[in-house]
Amino acid sequence: EFLKHQDMQKAYDTYQECVTLAPDHLYARARMGSVLSDAGLWDASISSLREALKQRSQKSRMKKPALDAEVWPMAHAKLGKALENTNDRAGAAMEYEAAIKLAPKKLEFYHMLSVFYSNAKEHESAVKVWEKAVSALPKSVDAHTNLANNLYFASRVDDAAMVYEK
């Protein structure tokens, strides 16, 4: 509830209390890590998210599949963001890819990985991200537009023009 009102401190305090009371409460630990990432507290976020993801991998089956579909891809994406901001580029790319693998229909994760590559001037890698997005979401105007934009940034103007025309 606190997250809806952008009260990060109260959200963090609530998740911290949950984790203190129930250290194995993976959703609370993952969400706490996301709050820490949103607050720019990278090291604390990395620690919390890695612990949640480690504990999750040790459990064979979670009890709330709908919540799993929301929490775990975002946990990987937030961990990717934190790793990116601590200059662990390989780790960041791996986490963004994990988010995409868990939620291939969620454009937000393609965007995060593409921006990661674009910021490093790795435009061809960003193009590959959007080609994958277009493959997963062939009717997404945003995926096609971002592919065209990144083709342009990669100096592939003719290819960009063809995608824009579609």
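So, how was this worked out
- Residues numbered from 1 in each chain as written.
- Predicted model: local features only at pLDDT ≥ 70, side-chain atom pairs only at ≥ 80, totals over all residues.
- Heavy atoms only, no water.
- Axes fitted to C-alpha atoms, helices over the stretch in contact; angles between N-to-C directions.
- Helix = DSSP H or I, 4+ residues; strand = E, 2+ residues; numbered from the N terminus.
- Parallel < 35°, antiparallel > 145°, perpendicular 65-115°, else oblique.
- Left-handed = near helix turned anticlockwise from the far one by under 90°.
- Contact = heavy atoms within 4.5 Å.
- Nonpolar A, V, L, I, M, F, W, Y, C, P; charged D, E, K, R; others polar.

Engineer: Explanation requested: the packing of helix α1 (residues 8–21) against helix α2 (residues 26–38) in the structure shown.
Structural biologist: Angle between the axes and distance between the axes: these two values describe a pair of packed helices. Close contact between α1 and α2 brings their axes to 9 Å; oriented N to C, the two are set at 150 degrees. Classified by the interaxial angle, the pair formed by α1 and α2 is roughly antiparallel. Crossing geometry of α1 relative to α2 is assigned as left-handed. Mapping the contact onto sequence places Met8, Ala11, Tyr12, Tyr15, Gln16, Cys18 and Val19 in α1 and Ala28, Arg29, Arg31, Met32, Val35, Leu36 and Asp38 in α2.

Engineer: What is the right way to look at the packing of helix α8 (residues 141–153) against helix α9 (residues 157–165) in this model?
Structural biologist: Packing of α8 against α9 leaves a shortest axis separation of 7 Å and a crossing angle of 165 degrees. With respect to their mutual orientation, α8 and α9 come out roughly antiparallel. Along this stretch, α8 crosses α9, giving a crossing that reads as left-handed. Between α8 and α9, the residues in contact are His144, Thr145, Leu147, Ala148, Asn149, Leu151 and Tyr152 and Val157, Asp159, Ala160, Val163 and Tyr164, respectively. Grouping the amino acids of the contact of α8 with α9 by side-chain chemistry returns eight nonpolar, three polar and one charged.

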